[in-house]
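# Commentary on secondary and tertiary structure
Each chain, written out:
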Amino acid sequence: MVANSLRVPASDGLSLHVLEWSREGTPLVFVHGFGNDAHIWDDAAPAVATYYRTLAVDLRGHGDSDRDPECRYDYEFHVADLEAVLEKLGVERLVLVGHSLGGRIATLFAGRHPDRIAGLVIVDSAPELDVRGTVRIRVDLQKNSEGGGASFASEAEYRDALAHNYPAASRETLTRMAQHGLRRRDDGRFEPKLDPAWFKGRTDASTDAEAMRAREERLTRDMWDALARVPCPTLVVRGAASDVLSPAVADRMVDEVLRHGRLAVIPRAGHSVMVDNPEAFCAALTGFVLGED
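Below is a short write-up of the structure.

About the thresholds
Here, residues in each chain are numbered from 1, in the same order as that chain's written sequence. Predicted model: local features are reported for residues with pLDDT of at least 70 only, side-chain atom pairs are reported and counted for 80 or more only, and whole-chain, interface and lining totals are derived from all residues. Hydrogens and water are ignored here; the side-chain numbers use all heavy atoms of the structure. Fitted lines through C-alpha atoms give the axes, limited to the stretch in contact for helices. The angle between two N-to-C directions lies from 0 to 180 degrees. Every helix listed is a DSSP run of H or I at least four residues long, and every strand listed is a run of E at least two residues long, numbered separately from the N terminus. For classification purposes, angles smaller than 35 degrees are called roughly parallel, those larger than 145 roughly antiparallel, those between 65 and 115 roughly perpendicular, and all remaining angles oblique. By the definition used in this description, the sense in which the near helix is turned from the far one sets the handedness, with an anticlockwise turn below a right angle giving left-handed and a clockwise turn giving right-handed. In what follows, a contact means two residues having at least one pair of non-hydrogen atoms within 4.5 Å. At least two bridges found by DSSP between two strands is the condition for calling them paired. Salt bridge, as used here, is a side-chain nitrogen of Lys or Arg placed within 4 Å of a carboxyl oxygen of Asp or Glu. The buried label goes to any residue with under 20% of its type's maximum accessible area, the exposed label to any with over 50%, and the partly exposed label to all in between, with areas taken from a 1.4 Å probe on protein chains only. Here a Phe, Tyr or Trp ring, Trp counted by its six-membered ring, pairs with any other such ring whose centre lies within 6.5 Å, and the pair is stacked when the planes are under 30 degrees apart, edge-to-face when over 60, and tilted otherwise. Whether a charge sits over a ring depends on NZ of Lys or CZ of Arg being within 6 Å of the ring centre and within 35 degrees of the ring normal. Crossover handedness is defined by viewing with both strands directed away from the observer: a clockwise path from the first strand over the helix to the second marks the crossover as right-handed.

### Structural notes on the packing of helix H3 (residues 101-112) against helix H8 (residues 209-228)
Contact pair H3 / H8: the axes reach a minimum separation of 8 Å and the direction vectors enclose 60°. Between H3 and H8, the angle falls in the class oblique. In this structure, H3 meets H8 at a crossing whose hand is left-handed. Residues Arg-104, Thr-107, Leu-108 and Gly-111 of H3 touch H8, and the partners they reach there are Leu-219, Met-223, Ala-226 and Leu-227.

### Concerning the sheet that holds strand S6 (residues 117-123)
To summarise the sheet geometry, strands pair through backbone hydrogen bonds and adopt either a parallel or an antiparallel arrangement. Taken in spatial order, the eight strands make up an open sheet running S1-S2-S4-S3-S5-S6-S9-S10, and their pairing is mixed. Each end of this open sheet is capped by a strand with a single partner; those strands are strand S1 (4-9) and strand S10 (261-266). Averaged over neighbouring strand pairs, the angle between their axes works out to 20° when direction is ignored. Across five bridges, strand S3 (residues 27-31) lies against strand S4 (residues 53-57) in parallel orientation. Note that in S4 the partner of Phe-30 across the bridge is Ala-56.

### Topic: the pattern of salt bridges
Counted by the stated rule, this structure contains 18 salt bridges. Note that Arg-60 is salt-bridged to Asp-68, the shortest N-O span being 2.9 Å. Residues Asp-187 and Arg-185 are paired through a salt bridge, measuring 2.7 Å at the closest nitrogen-oxygen approach. Taking relative accessible area as the criterion, Arg-185 reaches 23% and is therefore assigned partly exposed. Salt bridges sharing common partners tie together Asp-12, Arg-60, Asp-68, Glu-70, Arg-72 and Asp-81.

### Here we look at the packing of aromatic side chains
Applying the stated criterion to the full structure yields five aromatic pairs. Ring plane angle 40° and centroid distance 6.2 Å describe the contact between Trp-41 and Phe-281, whose orientation is recorded as tilted. Of the two residues, Trp-41 is situated in the loop between S3 and helix H1 (45-48) and Phe-281 in helix H11 (residues 278-289); the sequence distance between them amounts to 240 residues. Here Phe-281 falls in the buried class, since its relative accessible area comes to 1%. Between the aromatic rings of Tyr-73 and Trp-198, the centroid separation amounts to 6.2 Å while the plane-to-plane angle is 20°, which identifies the pairing as stacked. Taken together, the positions of Tyr-73 in the loop between S4 and helix H2 (75-88) and Trp-198 in helix H7 (residues 198-203) put the pair 125 residues apart, joining distant regions of the chain. By the ring-pair criterion, three or more aromatic residues cluster together here, those being Phe-30, Trp-41 and Phe-281. The positively charged end of Arg-252 is found above the aromatic ring belonging to Trp-224, 3.8 Å away from the centroid.

### Some words on the side chain of Thr-220
Its location among the elements puts Thr-220 in helix H8. Leave out the neighbours within four places in its chain, and Thr-220 touches Pro-127 and Glu-128.

### Examining the pairing of strand S5 (residues 94-99)
Summarising burial for S5: six of the six residues are buried, a large majority. Every second residue of S5 is oriented toward a common face, with Leu-94, Leu-96 and Gly-98 on one face and Val-95, Val-97 and His-99 on the other, all of them buried. Here S3 pairs with S5 via four bridges, running parallel. Along S5, the bridge assignment pairs Phe-30 with Val-97. One crossover worth recording links S5 to the parallel S6 by way of H3, and it is right-handed.

This is how it looks when you write it as structure tokens:
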């Protein structure tokens, strides 16, 4: 199934790239993680497109969406983008699926608009993240993106680089990620689409260590509060080998905070659950959104 490609006005005068697999039914919107793009859902989206109006967005600074010249990449700007895009698309009530960064954006959106969420799927994301995984992801992406210095002679070369970051992914998946994850430079070489200024936008808001720590603590509280306001059925998906979402935090989300939470642990998967084990991820997702489990 091939998705239609849309450009939709967002906030701050930017526009986002959106993929749409189907136009009928209750909207189901996918939000990708840091460094990925809407095509990361190419395996999962067709599995639900028969039953839902299925869409996926490229976050600002990612994929084919606009880069923000003012480097506004904190969570509140992504949430505002999602609000604006859904309004333009005429989406009121929806099922929201978010991975990693997208899972946190989805959580904050759901906490702000609990009456609009028919279902929520949080994929290897949480109010509190394991520092081992967040540092690993940041280092990997900075090596490929920061300063605009990383470039590749071909998509195949980038695919081989991705294989180190996604060791469980199939060659077909890596090829697709490379195809959609690069832009051609004027000199003919390729560079990742992720805005290299994304890191600057996330760190320049506060250079004081104490202020940054206070901001992170406030975000953590806000996210736990947001989860507690979610009234709908919610599926938390964790990769069994994840170094980002710990078992203890996942259990707390489902057992102590979410009103109607359930947990799915995907075997043979790390943080990038839908890439590492797409078959098991799709089974968990469809079982939840179709009410089969």
